[in-house]
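Structural overview
Listed here are the chains, written in short residue letters.
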Amino acid sequence: MKIAIAQLNPIIGDLQGNAQQILSAAQKAVDNGARLLLTPELSLCGYPPRDLLLNPSFVAGMGVCLEQLARDLPANAAVLVGTVEENFQAHKNGGKPLFNSMALLAQGKVQHFHKRLLPTYDVFDECRYFEPGLKPNYFTLDDLNIGVTICEDLWNDDQFWGKRSYAIDPIADLATVGVDLIVNLSASPYSVGKPRFREAMLRHGAVRYQCPIIYANQVGGNDDLIFDGGSFALNSQGEIVCRLSAFAPDLQIVEFDAGKQDLQLGSLVSECESEDEEIWHALVLGLRDYVFKCGFSQVVLGLSGGIDSSLVAALATAALGKENVFGVLMPSPYSSEHSISDALALAENLGMKTTTLPIGELMQGYDRTLVNLFAGTEFGLAEENIQSRIRGNLLMAIANKFGYLLLSTGNKSEMAVGYCTLYGDMNGGLAVIADVPKTRVYSLCRWLNQSSILGQVETFRRNVSTEIIPQNVIDKAPSAELKPGQFDQDSLPAYDVLDDILQRLIGNHQSVAQIVAAGHDSVVVYRVIQMVARAEFKRKQAPPGLKISDRAFGTGWRMPIASSWDALKNSYQTKNRLCV
Ligand SMILES: NC(=O)c1ccc[n+]([C@@H]2O[C@H](COP(=O)([O-])OP(=O)(O)OC[C@H]3O[C@@H](n4cnc5c(N)ncnc54)[C@H](O)[C@@H]3O)[C@@H](O)[C@H]2O)c1
Ligand SMILES: Nc1ncnc2c1ncn2[C@@H]1O[C@H](COP(=O)(O)O)[C@@H](O)[C@H]1O
Ligand SMILES: N[C@@H](CCC(=O)O)C(=O)O
Ligand SMILES: O=P(O)(O)OP(=O)(O)O
């Protein structure tokens, strides 16, 4: 039996458009001889629909679209569509009103399979909306017994994880039932290294239960989340027999050989060669989809000649085309010569349009207006930040006037410690690199300059051998240039030190004792912890940022702002370690 995997990029809430994508995929599948089509989790509404699920007319609309799809699909195709089903018992037993469901549409009929494990951690919030399914899910098609699992259902293999997160394990239940093949319909967001991790995890399941697995993942950016696709199929020995594109929609066919009781070798797309390459593609996709799905086509950003704005400009050019990216140079009296020359060289390399709006006169206007009020005080952060706020205002004026979306350029290290100006450089609709630590910003720029991708991206004007990010941008010391001779490292630890502490603290949940034991100065560690805690109010007001790590400052980061939790004051010694 031929089975088609449709790696779709739905728009959240566009029920008609998403249904059309499913119909087109089904037609293509049937044209290629497939009997069954797999689509991702919640493919009809897009994942994650969040509180749209609390809107009765949204849920009703999904029901109508599903019925229409059942009527419109090619007669000889069976299609698994990601949707919701109402929990009609909810009013009796107090359960949640919906199930996260895969609907099997075949011969005009609809059969629902309910997701059993509901993730409610990090960015996931499924217990807010859904009741878990209670039974193993499977069906028979042309004598083949097919087990159905939805995303998290396959993330509880105790042997792989060394523990169980949920009492039940849907794959073990399906093995007990005795299915020939398991399909997993997913909307699994990207983080660095996750594509390989998923393959390893499901390989373990396939080998453990000697059962082939087909994994169909959503692709595309939805707000802060990037779905990488990278769907794949494993045979019962755990070998990859088919892999779809990463970071792009795709449709491929795999064949189940009834004689061998296994999947046959199909087409294999190769994996990204490095983490930098993977992150680059993820950010390009996330940026493009955010811009287009919000109804924009053009973006604006401030170009300072620094490395953050240079990387964001390169990403935007690759995502949207050079003619759709507008750079604004806004030198102040404190700006260096190279801030202008480097920004112009970058724009030339990318082929993007720029304008220069010096801000000296506006700064003087602010000074004149505030002179009496500020009389007798020292020049300080208030005056420095005015420059950033003037730039933020000008950029928003340009965005309003020409219908552009403003991209903000802060990286994760700055967002972590609050090294950014509220209503200044934090202005923007999308924070493109807010989950990219500064050290990764450097490695991405170096990778970009060497990468053969430059030759493939037609939006770049220069030829493969020349740099995109000017070498001086990479070599010079980072600076906010808000006062003479200012460098980031006057206020912050060296970025390699800062990023390592932040990764341990935020990503790995390490204690102070563990971070110090890894070689960091305890005074620096305490200072970083305090900076991170104090910057919460800024992050709450920041634009959405594209998530590329396991722990991003976004929907999965829920910290109080008005909190009196003081890591140092409340530190205590347990038997083994100092906890803060
Ligand atoms: N990326 C860069 O390189 C870059 C760019 C710009 C600024 N900076 C640096 O960032 C820093 C910006 O200065 P800042 O942080 O003092 O200015 P800020 O204006 O961004 O934030 C401080 C202000 O936030 C408000 N605030 C404080 N606590 C709050 C809370 N709990 N809830 C709501 N609002 C609260 C107060 O009004 C306070 O004056 C400076 O050190 C500057 O040099 C770095
Ligand atoms: N001189 C500048 N021209 C245009 N845009 C600028 C300039 N200086 C800063 N910006 C914008 O603000 C952010 C943050 O700046 P830092 O140098 O990191 O403080 C920068 O990425 C530009 O978008
Ligand atoms: N742990 C899964 C859960 C996703 C889901 O069930 O939607 C993941 O990160 O991909
Ligand atoms: O934000 P930028 O582009 O000015 O980068 P840096 O902070 O490294 O100067």
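Residues numbered from 1 in each chain as written. Chains lettered and ligands numbered in written order. Predicted model: local features only at pLDDT ≥ 70, side-chain atom pairs only at ≥ 80, totals over all residues. Heavy atoms only, no water.

**Some remarks on the UniProt feature "binding site: ATP" (unreviewed entry) in the chain**
So the rule is basically this: UniProt positions are given in the numbering used here, feature names are shortened, and annotations may be inferred rather than shown by experiment. Going along the chain from the N terminus, every DSSP run of H or I of four or more residues is numbered as a helix, and every run of E of two or more is numbered as a strand. Exposure classes here rest on a 1.4 Å probe applied to the protein chains alone. A residue is buried below 20% of its type maximum, exposed above 50%, and partly exposed in between. Note on definitions: a residue-residue contact is assigned when non-hydrogen atoms from the two residues lie within 4.5 Å.
Residues given the UniProt feature "binding site: ATP" (unreviewed entry) here are Gly302, Leu303, Ser304, Gly305, Gly306, Ile307, Asp308, Ser309 and Thr409. Their sequence span is 108 residues, while the largest C-alpha to C-alpha distance among them is just 12.1 Å; these annotated residues converge on one region. The topology assignment puts Leu303 in the loop between β16 (299-302) and α8 (307-320). Since its relative accessible area comes to 5%, Leu303 is described here as buried. Among residues more than four places away in sequence, those in contact with Leu303 are Ser309, Ala313, Gly327, Val328, Leu329, Ala343, Leu346, Ala347, Met352 and Thr354. Within the fold, Gly306 resides in the loop between β16 and α8. Aside from chain neighbours lying at most four places away, what touches Gly306 is Val473 and Lys476.

**Focus: the site of ligand 1**
This is how it is decided: Distances are taken per atom, and a residue is near a molecule or strand as soon as one of its heavy atoms is within 4 Å of it. Polar contact criterion, stated in full: a pair of N or O atoms within 3.5 Å, where within protein one must be able to donate a hydrogen and the other to accept it, and residues adjacent in sequence count only if both atoms are side-chain atoms. Exposure was quantified through the Shrake-Rupley algorithm and a 1.4 Å probe, taking into account, for residues, occlusion by the shown protein chains and nothing else.
Lining the immediate environment of ligand 1, one finds 18 residues, of which Arg389, Glu414, Thr421, Leu422 and Lys538 sit closest. Interatomic distance of 3.3 Å between a side-chain N/O atom of Gln486 and an oxygen atom of ligand 1. Look at ligand 1: alone it shows 870 Å² of surface, and the protein chains cover 61% of it. If you list the elements that add at least two residues to the shell around ligand 1, you get α11 (381-402) and α20 (536-540). The dominant element in the shell around ligand 1, judged by the number of residues it contributes, is α11, at four residues.

**Observations concerning the environment of Asn137**
Positionally, Asn137 belongs in the loop between β5 (109-114) and β6 (138-141). Looking at Asn137, the relative accessible area reads 8%, which means it is buried. In sequence terms Asn137 and Leu54 are 83 residues apart; their C-alpha atoms lie 26 Å from each other.

**Observations regarding the site of ligand 4**
Quick reminder of the rule: Basically, the charged four are Asp, Glu, Lys and Arg, the nonpolar ten are Ala, Val, Leu, Ile, Met, Phe, Trp, Tyr, Cys and Pro, and anything else, Gly included, counts as polar.
Contacts to ligand 4 come from Ser304, Gly306, Ile307, Asp308, Ser309, Glu414, Lys438, Pro478 and Ser479. Between ligand 4 and the protein, one listed contact pairs an oxygen atom with a backbone N or O atom of Gly306 at 3.4 Å. Between ligand 4 and Ser479 there is a distance of 3.2 Å, counted from an oxygen atom to a backbone nitrogen or oxygen. Look at ligand 4: alone it shows 270 Å² of surface, and the protein chains cover 85% of it. Element by element, the count of residues in the shell around ligand 4 is highest for α8, at three residues. Partitioning the shell around ligand 4 into residue classes produces two nonpolar, four polar and three charged.

**Remarks on the nonpolar core**
Across soluble globular proteins, nonpolar side chains show a tendency to be buried alongside one another. As a reminder, the rule being used: Here, nonpolar core refers to any group of buried Ala, Val, Leu, Ile, Met, Phe, Trp, Tyr and Cys residues whose side-chain atoms link them within 4.5 Å.
Formed by 53 residues in total, the largest nonpolar core has its most connected members in Trp280, Leu287 and Leu407. At the level of elements, α7 (275-293), β16, α8, β17 (325-329), α9 (337-350), β19 (405-408), α13 (438-450) and α15 (471-475) are the ones that each hand at least two residues to this core. Sequence-distant contacts of Leu407, that is, excluding residues within four places in its chain, are made with Leu287, Val299, Val300, Leu301, Val312, Ala316, Leu430 and Val432. Leu8, Ala19, Tyr47 and Ala77 belong to the second largest nonpolar core, which has 42 residues in total.

**Here's the deal with empty space enclosed by the protein**
This is how it is decided: Using a grid of 1 Å spacing that covers the protein atoms alone, one calls a set of points a cavity when a 1.4 Å probe fits there but cannot get out, and a pocket when the set is open and has protein on both sides within 12 Å along at least five of seven lines; lining residues are those with an atom within 4 Å of a point. Grid points are joined across faces, edges and corners, and a volume is the space filled by probe spheres set on the points.
Per the counting criterion, the structure on display carries four cavities of 30 Å³ or more. Surrounding the largest cavity, 17 residues form its lining, Pro195, Gly230, Arg243, Ala246 and Glu271 being those nearest its centre. Take the lining of the largest cavity: its biggest share by element is four residues, from helix α6 (residues 194-209). Taken together, the residues of the lining of the largest cavity sort by class into eight nonpolar, two polar and seven charged.

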